[in-house]
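Residue-level structural notes
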Amino acid sequence: MVNGHGNHHLSQQQSSMIGSMPDMCFYCFEVLYRELHNLEEPRTPCFTNDPFPLFVTWKIGKDKRLRGCIGTFSAMRLHSGLREYAITSALRDSRFSPITRDEIQRLTVSVSILQGFEEARGYLDWTLGIHGIRIEFYNERGSKRTATYLPQVATEQGWDQTQTIDSLLRKGGYRAQITPETRRSIKLTRYTSQECQMSYSEYRELLEKQSHYHGQLCKMQC
């Protein structure tokens, strides 16, 4: 369930974080489920609360169609960051209608923790399947725009580097013809990520295990 994109030398902090990423996915489901059912917020999670840039992605169905994806490049403490973006990506992604209660059983959540940001030497100075990319560019009206794809997007779509860049320009709102000069004018930042995903059925399975454990603990304490 946990995938590392491009990090071969991990610090102790990063290793600890990766080990707890399934808990982060579980927490996102808890946050969304309780939000949709008007329940109180889940209790404070046990995983690290260190600050990282992060994204939360929701997909739906067996074919895992994108249902919402929003995050931040500013380092946020993980507890508040995941809580905020679990809800924002599910309910406030302008590309989609808000996720409903009826859909939650068909969802899969992905948490991406971003790191290793480097300014690229050009629009092709990154590696498919390893790097996520963030581009800055000026649209046809001269306004500065930005857009990003996480590391897994290009390979999931079967794109080469140029197709990825062109798609990202369109995602960012560039409407004019894309020329080699357009691509060369881009400022590109590459980064890596640690990603974990969890389906709703996996979430429910963990929830039942936790309930059983707490029930047994209560019996022992009583």
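Presented here is an overview of the structure given in this document. (Residues numbered from 1 in each chain as written. Predicted model: local features only at pLDDT ≥ 70, side-chain atom pairs only at ≥ 80, totals over all residues. Heavy atoms only, no water.)

1. Notes on the packing of aromatic side chains
Quick note on the threshold: Under the pairing criterion, centres of Phe, Tyr and Trp rings, with the six-membered ring standing for Trp, must be within 6.5 Å; the plane angle then separates stacked pairs below 30 degrees from edge-to-face pairs above 60, leaving the rest tilted. For helices the rule is a DSSP run of H or I covering at least 4 residues; for strands it is a run of E covering at least 2, with both sets numbered from the N terminus onward. Each residue is placed in one exposure class: buried if its accessible area under a 1.4 Å probe, protein chains only, is under 20% of its type's maximum, exposed if it is over 50%, and partly exposed if it falls in between. Each ring is checked for a lysine NZ or an arginine CZ that lies within 6 Å of its centre and within 35 degrees of its normal; such an atom marks a charge sitting over the ring.
Applying the stated criterion across every chain, the model contains 12 aromatic pairs. Measuring from ring centre to ring centre gives 5.2 Å for phenylalanine 29 and tryptophan 58, while their planes differ by 75°; the resulting arrangement is edge-to-face. Residue phenylalanine 29 is located in helix α2 (residues 21–36), and its partner tryptophan 58 is located in strand β2 (residues 51–60); the two are separated by 29 residues in the primary sequence. With relative accessibility at 0%, the residue phenylalanine 29 sits in the buried group. Through successive ring pairs, a cluster of aromatic residues spans Phe26, Phe29, Trp58, Tyr200 and Tyr203. Seen from the ring of tyrosine 33, arginine 204 lies directly overhead, with NZ or CZ sitting 5.9 Å from the centre.

2. Describing the layout of surface pockets
Any empty space left between the atoms is revealed when a probe the size of a water molecule rolls over them. To be explicit about the condition: Here a cavity denotes grid points, spaced 1 Å and computed from the protein atoms alone, that fit a 1.4 Å probe unable to get out, and a pocket denotes an open set having protein on both sides within 12 Å along at least 5 of 7 lines; residues with an atom within 4 Å of a point are the lining. Grid points are joined across faces, edges and corners, and a volume is the space filled by probe spheres set on the points. Residue type decides the class: Asp, Glu, Lys and Arg count as charged, Ala, Val, Leu, Ile, Met, Phe, Trp, Tyr, Cys and Pro as nonpolar, and the leftover types, Gly among them, as polar. Each domain's limits were defined by an automated method or a database of domain assignments.
Here the largest pocket defines a volume of roughly 640 Å³. Only β2, β3 (65–77), β6 (144–149) and α4 (151–157) provide two or more residues apiece to the lining of the largest pocket. Residues belonging to the lining of the largest pocket are distributed by class as follows: 10 nonpolar, 8 polar and 9 charged. Among the domains, domain 1 (9–115 + 194–210) and domain 2 (123–185) are the pair contributing at least three residues each to the lining of the largest pocket. Taken as a whole, the second largest pocket spans an internal volume of roughly 380 Å³. In terms of lining, the second largest pocket is formed by 16 residues, of which the most central are Phe26, Arg43, Thr44, Pro45 and Gln210.

The quantities given are spatial measurements derived from coordinates; they are silent on function.
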